[in-house]
Amino acid sequence: QDEANDDPEGGGLIIYKKQAPRDWGFVDYNSLDQVPRLRAYLNDSDRVVVPHRRNRVVVFNSNLFHETQTPRFRPGYTNRRINLTFLFGRRCGGGANEA
């Protein structure tokens, strides 16, 4: 329920309008050790903020950097936020062994 979200303008997704460089591998952009490097890289990027709404679908090029906003939902099982992610294809035409 939308009422379960204590931050109606948050709890959703931030999509940056900057893609991961072709030469960056999975660990280069999916590791906590890389957060300072990522923040510096994305510092000048435009972004789209998509607040959480129930039954909302967001479809975008997953090579764009994106992050989940901090969820602030009421306690209780029925108030939980559910997130499903579906990926398809290969990043930048990468090989099948790419993580």
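Before reading on, note that the structure itself is shown above.
Conventions we followed
Residues numbered from 1 in each chain as written. Predicted model: local features only at pLDDT ≥ 70, side-chain atom pairs only at ≥ 80, totals over all residues. Heavy atoms only, no water. Core = buried A, V, L, I, M, F, W, Y, C linked by side-chain atoms within 4.5 Å. Buried < 20%, exposed > 50% of the residue type's maximum accessible area, 1.4 Å probe, protein only. Helix = DSSP H or I, 4+ residues; strand = E, 2+ residues; numbered from the N terminus. Contact = heavy atoms within 4.5 Å. Phe/Tyr/Trp six-rings, centres within 6.5 Å; stacked < 30°, edge-to-face > 60°. Lys NZ or Arg CZ within 6 Å of the ring centre and 35° of its normal.

Visitor: Hey, could you run me through the nonpolar core in this one?
Guide: Among the nonpolar cores identified, the biggest contains eight residues, and these are Ile14, Tyr16, Ala20, Trp24, Tyr29, Leu38, Leu42 and Phe65. Secondary structure elements with two or more residues in this core: β1 (13-19) and α2 (35-42). If near-sequence neighbours (up to four positions away) are discounted, Tyr29 is found in contact with Ala20, Trp24, Leu38, Phe65 and Arg91.

Visitor: Explain the packing of aromatic side chains here, please?
Guide: Here the distance between the centres and the angle between the planes together describe a pair of aromatic rings. Under the definition given, this model contains five aromatic pairs. Here the aromatic rings of Tyr29 and Phe65 are separated by 6.2 Å at their centres, their planes lie at 90°, and the arrangement is edge-to-face. With a gap of 36 residues between them, Tyr29 in helix α1 (residues 26-29) and Phe65 in strand β3 (residues 64-68) connect regions that are remote in the sequence. Three or more aromatic residues joined by ring pairs form one cluster here, namely Trp24, Phe26, Tyr29, Tyr41 and Phe65. Lying over the aromatic face of Tyr41, Lys18 brings its terminal NZ or CZ to 4.2 Å of the ring centre. For Arg37, the ring lying beneath its charged end belongs to Trp24, and the centroid distance is 4.0 Å.

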